[in-house]
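# Summary of structural features
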Amino acid sequence: MAPGTGTPEVGGLTSMQGLEIVRGCRGLNLVGGDLVEVSPPYDISGMTSQLAANILYEMLCVLPGVRYTENK
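In this text, all values refer to a predicted model and were calculated from it rather than measured experimentally. (Residues numbered from 1 in each chain as written. Predicted model: local features only at pLDDT ≥ 70, side-chain atom pairs only at ≥ 80, totals over all residues. Heavy atoms only, no water.)

### Section: the pattern of salt bridges
This structure, assessed with the given rule, holds one salt bridge. Between Arg23 and Glu58 there is a salt bridge whose closest N-O contact spans 3.0 Å. Residue Arg23 is found in helix 1 (residues 15–23), and its partner Glu58 is found in helix 2 (residues 47–61); the two are separated by 35 residues along the sequence. (Salt bridge = Lys/Arg side-chain N within 4 Å of Asp/Glu carboxyl O. Helix = DSSP H or I, 4+ residues; strand = E, 2+ residues; numbered from the N terminus.)

This is the structure we're talking about:
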């Protein structure tokens, strides 16, 4: 799902599964997050960079103290 990496994993998580894992961390006492190895030259479409930016945004959103509103 993310070709712009030096070590793609066959049968790895889909983008949605990764986002679900990050979103599932809401409410935990997290102190930080990390996203490793995005290499834009390996993905000329930019899909991997866009996904990485979205995942990092989601990581910031689940840190303790972040206010959010639920869609009802």
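### Description of the environment of Ala53
Tracing the backbone shows Ala53 in helix 2. The class of Ala53 is partly exposed, set by a relative accessible area of 43%. Taking the C-alpha atoms as reference points, Ala53 and Pro41, 12 residues apart in sequence, are found 16 Å from one another. (Buried < 20%, exposed > 50% of the residue type's maximum accessible area, 1.4 Å probe, protein only.)

### Here we look at the nonpolar core
Among the nonpolar cores identified, the biggest contains six residues, and these are Leu19, Val22, Leu51, Ile55, Met59 and Val62. Secondary-structure elements contributing two or more residues to this core are helix 1 and helix 2. Per element, the largest residue contribution to this core is three residues, and it comes from helix 2. (Core = buried A, V, L, I, M, F, W, Y, C linked by side-chain atoms within 4.5 Å.)

### Digging into helix 2
Over its 15 residues, helix 2 extends 21 Å from the first C-alpha to the last, a length consistent with the 21 Å expected when each residue adds 1.5 Å. What helix 2 keeps buried is the set Thr48, Leu51, Ala52, Ile55, Glu58 and Met59. Taken around the axis of helix 2, the buried residues stretch over an arc of 125 degrees, which confines them to a single face. What points out from helix 2, more than 90 degrees from its buried face, is the exposed set Tyr57 and Leu60. Elements that come into contact with the buried residues of helix 2 comprise helix 1. (Expected span 1.5 Å × (residues − 1). Arc of directions from axis to C-beta. Contact = heavy atoms within 4.5 Å.)

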